[in-house]
Amino acid sequence: MKALEGVKVLDFTHVQSGPTCTQLLAWFGADVIKVERPGVGDATRKQLIDKPGADSLYFTMLNHNKRSIELNSKSAEGKEVLTRLIETCDVLVENFAPGALDRMGFGWERIQEINPRIIMASVKGFGPGKYEDCKVYENIAQCAGGSASTTGWRDDRPLVTGAQIGDSGTGLHLALGIVTALYQRTHSGRGQRVLAPMQDGVLNLCRVKLRDQQRLEVGPLEEYSQYGEGIPFGDSVPRAGNDSGGGQPGRILKCKGWETDPNAYTYFITQAAAWEKVCDVIGKPEWKDDLDYATPKARLPRLNHIFATIEEWTMTKDKFEVMAICNPLDIPVGPILSMKEIAEDEDLRKTGTVVEVDHPERGKYLSVGCPIKLSDSPVEVERSPLLGEHTVEVLRDVLGYDGEGLARILDSGAVGAAKLAAE
Ligand code: COA
């Protein structure tokens, strides 16, 4: 048994945020039925193509363990099938532009009428308010959720991060909302609406910056580099480069080979508890008793000098040597790993966080497996479905269409002609 075995999910998602969520549900054992436009499918199938004729990595890496049904949900027969899917499923997940489901004739009121037990889960760019009608992609969410204004260098423009906190991050939030609603349904017997706006999801991940905004009202942020540099703070949280966002100062420091290797760096944290060991490792034992360095408070205005001194030491080692020396001493450090290094990491492969998947159109490729490990519900990553691969199977086995009923739906054109020819 998988954790979510028996849960049926009508997956009306596309691009990244929604598919991230439904992929997680599928990995935990839910039967995820992805509804896609006949002949077109999720737009990402044909975006950033690396192998002509094959579904893109963008699509395959976000849609494992799902079934695909091609269905024109705007045609009469398509609406009929969609209604039966809503009757049958426990969860409907969607991330269409605001209003798209209503225009299709399947607003929340109607969905509840069809199935009062269903959980309807949506990603939208913004929650209720002045921007609720806007279409939103990843970087817009990063900007509107407070990430961009607090990322990057103080004297340069705001910066977006490569981590897809707006899309994949919101998909994670939505998945939590769905399983929570499923749990509540075990008591209430009712479904409910789950909304995860991307702006809110990003802000949740930027919580420490809203913390700092309020701290700023009572004085300078002493752990930020600019404090040590004597640069006054404005009225909002500034960008802080690679400064640690927590109470333990940290920076990215150069390691041996940095002149030619763009990732020859380490993150180095001068955790208070490990300070004396840091002094010994970098050859500054005299700092242990020097009142200018001995306490965290005394160190705050001197962080730039302290990290420059530590960097003189890290530059004599490669990033893995720094790790090997510091870890046994409980000094928190971490190498800056390139995607190439991550792709080749044996431990990540062993735990299934990096997996090799075989696909009939594209052959073997690497993907990120499930990053959450349940001891009683192990994940086996299965390839993403071809467009409409399970159309007939879902109509017949999940919805009970057979004989003339099945022929009527298939003949109506509501379910993808190309696939039908092959059936
Ligand atoms: N059959 C018939 N029509 C279908 C269909 C199907 N199976 N699946 C989708 N459609 C239609 C929709 O009903 C909609 O039609 P309408 O505009 O006439 O109402 C149309 O396809 C396009 O949907 P839309 O969501 O507007 O796609 P888009 O490509 O224009 O916009 C986004 C993409 C991501 C910007 C938008 O969906 C969005 O803002 N989503 C919410 C936020 C979000 O998740 N963003 C991150 C994505 S990673």
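As the structure is a computational prediction, the values presented were derived from the model and not from experiment.

(A) Layout of the sheet that holds strand β4 (residues 91–94). On the basis of which strands lie adjacent, the open sheet formed by 6 strands has the order β3-β2-β1-β4-β5-β6 and parallel pairing. Every interior strand has two partners, whereas the edge strands, β3 (66–70) and β6 (193–197), have only one. Each neighbouring strand pair of the sheet contributes to a mean axis angle of 20 degrees, computed without reference to strand direction. Inspection of the sheet shows strand β5 (residues 119–124) paired to β6 by 5 bridges, in the parallel sense. By the bridge assignment for β6, Lys-124 is matched with Pro-197.

(B) Highlighting the pairing of strand β10 (residues 354–359). Sheet topology places β10 next to strand β11 (residues 363–368); 6 bridges connect them, and they run antiparallel. Across the sheet, Val-354 pairs through a bridge with Val-368, a residue of β11. Between β10 and β11, which follow one another and run antiparallel, lie 3 residues.

(C) Up close: the side chain of Asn-115. Note on placement: Asn-115 falls in the loop between α5 (108–114) and β5. A distance of 2.9 Å separates a polar side-chain atom of Asn-115 from the backbone oxygen of Ile-86. The residues contacting Asn-115, other than those within four sequence positions of it, are Ile-86, Glu-87 and Cys-89.

(D) Region of the structure containing the site of the ligand. Every one of the 23 residues lining the ligand counts as a neighbour, but Leu-71, Ala-97, Arg-103, Lys-135 and Val-136 are closest to it. A distance of 2.8 Å separates a nitrogen atom of the ligand from a polar atom in the backbone of Leu-71. Ser-73 is positioned such that a nitrogen or oxygen atom in its backbone is 3.1 Å from a nitrogen atom of the ligand. Here the ligand, which alone exposes 930 Å², has 84% of that area covered by the protein. In terms of residue count, helix α4 (residues 100–104) provides more of the shell around the ligand than any other element does, 3 residues in total. The residue inventory of the shell around the ligand, partitioned by class, reads 10 nonpolar, 7 polar and 6 charged.

(E) Representation of the nonpolar core within the structure. The biggest cluster of nonpolar side chains holds 32 residues, and the ones touching the most others in it are Leu-85 and Leu-395. Only β1 (8–12), β2 (31–36), α3 (76–88), α4, α5, α17 (391–398) and α18 (403–411) provide two or more residues apiece to this core. Not counting residues up to four positions away in its chain, the partners in contact with Leu-85 are Leu-10, Ile-33, Val-35, Val-394 and Leu-399. In terms of nonpolar packing, the next biggest core, distinct from the first, is built from 31 residues, Val-7, Val-93, Leu-174 and Val-202 among them.

(F) Representation of the pattern of salt bridges within the structure. In this structure the tally under the stated criterion is 27 salt bridges. Residue Asp-212 is joined to Arg-211 by a salt bridge in which the shortest nitrogen-to-oxygen separation is 2.9 Å. Overall, the relative accessible area of 1% leaves Asp-212 in the buried class. The partner of Lys-288 in a salt bridge is Asp-280, with the nearest N and O atoms 2.9 Å apart.

(G) Representation of helix α7 (residues 168–188) within the structure. Under the 1.5 Å per step criterion, the end-to-end length of α7 is 30 Å for 21 residues, consistent within 8% with the ideal 30 Å. Listing the buried residues of α7 in full gives Gly-169, Thr-170, Gly-171, Leu-174, Ala-175, Ile-178, Ala-181, Leu-182 and Arg-185. For α7, the secondary structure elements touched by its buried residues are α1 (17–27), β4, β5, β6 and α8 (198–205). A positive backbone phi angle near 75 degrees is found at Gly-189, which sits one or two residues after α7.

(H) Representation of the sheet that holds strand β9 (residues 333–335) in the model. Ordered by their spatial adjacency, 3 strands build an open sheet running β7-β8-β9, and the pairing between neighbours is antiparallel. The sheet is open, and its two borders are formed by β7 (250–254) and β9, each paired with just one other strand. For this sheet the average axis-to-axis angle between neighbouring strands, irrespective of direction, equals 20 degrees. Taken together, the 5 bridges between β7 and strand β8 (residues 265–269) define a ladder with antiparallel strand orientation. The residue of β8 that forms the bridge with Gly-250 is Ile-269. The sheet strands contacting helix α13 (residues 303–314) are β7 and β8, and the helix crosses β7 at an angle near 40 degrees. Contacts from helix α14 (residues 319–326) reach β8 and β9, with the element oriented near 155 degrees to β9.

(I) Spatial organisation of the environment of Arg-383. By the secondary structure assignment, Arg-383 is in the loop between β11 and α17. Looking at Arg-383, the relative accessible area reads 27%, which means it is partly exposed. A C-alpha to C-alpha distance of 43 Å links Arg-383 and Pro-238, two positions 145 residues apart in sequence. If near-sequence neighbours (up to four positions away) are discounted, Arg-383 is found in contact with His-64, Asn-65, Val-357, Asp-358, His-359, Pro-360, Tyr-365 and Glu-389. At 2.7 Å, the side chain of Arg-383 forms a polar contact with the side chain of Glu-389.

The rules we used
- Residues numbered from 1 in each chain as written.
- Predicted model: local features only at pLDDT ≥ 70, side-chain atom pairs only at ≥ 80, totals over all residues.
- Heavy atoms only, no water.
- Pairing = 2+ DSSP bridges.
- Helix = DSSP H or I, 4+ residues; strand = E, 2+ residues; numbered from the N terminus.
- Axes fitted to C-alpha atoms, helices over the stretch in contact; angles between N-to-C directions.
- Polar contact = N/O pair within 3.5 Å; in protein donor to acceptor, adjacent residues only side chain to side chain.
- Contact = heavy atoms within 4.5 Å.
- Near = heavy atom within 4 Å.
- Areas by Shrake-Rupley, 256 points an atom, 1.4 Å probe, with all protein chains shown as cover.
- Nonpolar A, V, L, I, M, F, W, Y, C, P; charged D, E, K, R; others polar.
- Core = buried A, V, L, I, M, F, W, Y, C linked by side-chain atoms within 4.5 Å.
- Buried < 20%, exposed > 50% of the residue type's maximum accessible area, 1.4 Å probe, protein only.
- Salt bridge = Lys/Arg side-chain N within 4 Å of Asp/Glu carboxyl O.
- Expected span 1.5 Å × (residues − 1).

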